[in-house]
Amino acid sequence: MKPKSIRPVSAFDADRILAEIVKWVGFETPSDRPDLIDALLDHVEGLFDGLPVERRRIPASEGRGGQLVLRYDPARSNAEPLLFMGHIDTVWAAGTLAERPVRRDGDKVFGPGIFDMKAGSCLATLTLLDLAREGIAPPRPVVVFLNSDEEIGSHVSRGTIETLGREAAMIMVPEPSFEAVGTVITARKGWGNFTLKATGVSAHAGGSLHEGRSAIREIARHVIEIEAMTESEPHATFNVGTIAGGTRPNVVPAEALAEVDMRVDNMDEAKRLEAAILARRPFDPDVKLEVTGGINRPPFVRSSEVARLYEATRGLADRLGLPLGETQRGGVSDGNIVAALGKPVLDGLGCSGAGAHALHEHILYSTIAPRAALMYAMATDEAYAAQF
Ligand SMILES: [Zn+2]
């Protein structure tokens with residue numbers, strides 16, 4: 001078998017690819033429904049029946065769906081693979097599709113989970129499928145990993161992500177590319193989340209107010225201080241996204257809690273700020289304060305390895321006639337986990353579009369074939385693979 005030269009964008013049939021993407025969207029896959037996730041994974045596995053692709057299914061556990069590792073190494077080279085890593089879970093509950101079926105309006109194709117990130121995960125899978133069907137010998141083994149708990153923190157899949165990441169020569173994350181067409185993501189902030197829980201003393205608001213110790217008042221003071229850190233900390237932002245507490249207006253509240261979302265652009269600061277939040281003490285000595293949580297995904301820093309992969313990919317895209325730009329995002333992905341291993345990682349390789357986690361979620365049809373061509377070139381080009 002001999003490797004093929006670069007395959008042009010015009011050789012990719014966007015309609016055929018879209019038909020498969022629409023099938024994937026047709027399997028609703030909220031992170032908390034292992035049964036539904038398994039149904040999509042069964043479908044994906046079935047695409048490879050009779051082909052020389054190793055399929056390793058990691059079964060559902062801890063109430064989370066299964067995961068799938070597809071590996072194509074016809075030469076049995078055992079070289080470090082090129083890893084495509086995507087998720088198939090979405091933030092949409094079962095039944096959403098009935099309310100908002102897939103529809104196309106000009107270049108926009110709408111559908112729950114299509115942009116984040118069924119289109120990208122499907123494109124990576126179809127790249128592997130094309131290689132296997134055509135009997136192409138890629139310069140490196142190609143691995144596709146599909147996980148199913150990314151939207152809820154990748155707690156179950158994390159070990160597999162790290163193992164596959166360590167083994168790989170280069171890692172491609174086909175998360176959505178945002179509004180700017182032709183961009184990839186070379187940095188993401190890290191993400192931490194915390195819960196502050198205050199326990200005070202309840203009392204009658206009329207008869208014995210002073211015997212009470214308000215948990216809401218305690219939490220409120222922390223909320224103000226933590227949110228002010230967005231101004232005082234140059235490398236981080238903070239959002240208190242939820243608060244809860246109290247029972248009735250005439251009762252001094254004994255319980256209250258707040259959930260904090262933290263975004264940080266480098267690991268030293270992430271660790272320092274994590275320690276600072278966890279070390280918070282109550283303002284009122286009669287109120288108990290418990291702080292839990294921490295860094296969930298480390299910052300994805302544009303390291304020299306990331307920059308090198310970006311430059312090499314820009315050269316490859318150039319040969320396809322595709323301009324390639326780079327962008328940095330506040331939102332996290334599993335790319336954060338593997339970038340922290342010091343690996344060359346490129347993220348945002350999926351279709352352009354908008355509306356992740358939103359009602360207007362859509363991809364741009366015109367970006368399907370260019371991204372398919374780029375992924376195919378990444379997997380097959382000898383000169384590109386030789387650089388890593
Ligand atoms: Zn995503």
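Structure report, in brief.

What counts and how
- Residues numbered from 1 in each chain as written.
- Predicted model: local features only at pLDDT ≥ 70, side-chain atom pairs only at ≥ 80, totals over all residues.
- Heavy atoms only, no water.
- Pairing = 2+ DSSP bridges.
- Helix = DSSP H or I, 4+ residues; strand = E, 2+ residues; numbered from the N terminus.
- Axes fitted to C-alpha atoms, helices over the stretch in contact; angles between N-to-C directions.
- Contact = heavy atoms within 4.5 Å.
- Donors = N, O, S within 2.8 Å, 3.2 Å for Na, K, Ca; no water.
- Tetrahedral: all angles 85-135°; square planar, octahedral: opposite > 155°, others 65-115°.
- Parallel < 35°, antiparallel > 145°, perpendicular 65-115°, else oblique.
- Left-handed = near helix turned anticlockwise from the far one by under 90°.
- Nonpolar A, V, L, I, M, F, W, Y, C, P; charged D, E, K, R; others polar.
- Buried < 20%, exposed > 50% of the residue type's maximum accessible area, 1.4 Å probe, protein only.

## Looking at the sheet that holds strand 13 (residues 255–264)
Judged by pairing direction, the sheet is antiparallel, and its 4 strands sit side by side in the order 11-13-9-14 without closing on themselves. One side of each edge strand has no neighbouring strand; the edge strands of this open sheet are strand 11 (236–245) and strand 14 (288–297). Here the average twist between neighbouring strands, direction ignored, is 15°. Taken together, the 9 bridges between strand 11 and strand 13 define a ladder with antiparallel strand orientation. The residue bridging Ala236 from the neighbouring strand is Val264, located in strand 13. On the sheet, helix 6 (residues 215–232) packs against strand 9 (190–199), strand 11, strand 13 and strand 14 and is oriented at approximately 165° with respect to strand 11. This element, helix 7 (residues 267–278), spans strand 9, strand 11, strand 13 and strand 14 of the sheet and lies at about 165° to strand 14.

## Here we look at the coordination of the zinc ion
Protein-derived coordination of the zinc ion comes from His87 (NE2), Asp116 (OD), Glu175 (OE) and Glu175 (OE), at a distance range of 1.9 to 2.6 Å. With 4 donor atoms in place around the zinc ion and angles of 52 to 147° between them, the coordination shape is irregular. Between consecutive donors of the zinc ion, the numbers of intervening residues give the motif H-x28-D-x58-E. Here Glu175 lies in the loop between strand 7 (170–173) and strand 8 (183–188) and His87 lies in strand 3 (residues 82–87), a separation of 88 residues in the sequence.

## Quick look at the packing of helix 4 (residues 114–134) against helix 10 (residues 368–380)
It is the contact of helix 4 with helix 10, at a shortest axis distance of 10 Å, that shows an interaxial angle of 50°. Taken together, the axes of helix 4 and helix 10 are oblique relative to one another. As helix 4 runs across helix 10, the sense of the crossing is right-handed. Contacts between helix 4 and helix 10 pair Gly120, Leu123, Ala124, Thr127, Asp130, Leu131 and Glu134 from the former with Ile368, Arg371, Ala372, Met375, Tyr376, Ala379 and Thr380 from the latter. In terms of residue class, the contact of helix 4 with helix 10 is built from 8 nonpolar, 3 polar and 3 charged.

## Here's the deal with unusual backbone geometry
Residues Asp116 and Met117 are joined by a peptide bond in cis, for which omega reads -15°. If you trace the backbone, Met117 turns up in helix 4. Positive phi, close to 55°, is recorded for Glu62, a residue that is not glycine. Along the polypeptide, Glu62 turns up in the loop between strand 1 (54–58) and strand 2 (67–72). Residue Glu62 is classed as exposed on the basis of its relative accessible area, which comes to 70%. Phi is positive for Arg76, close to 50°, though the residue is something other than glycine. For Arg76, a relative accessible area of 70% puts it in the exposed group.

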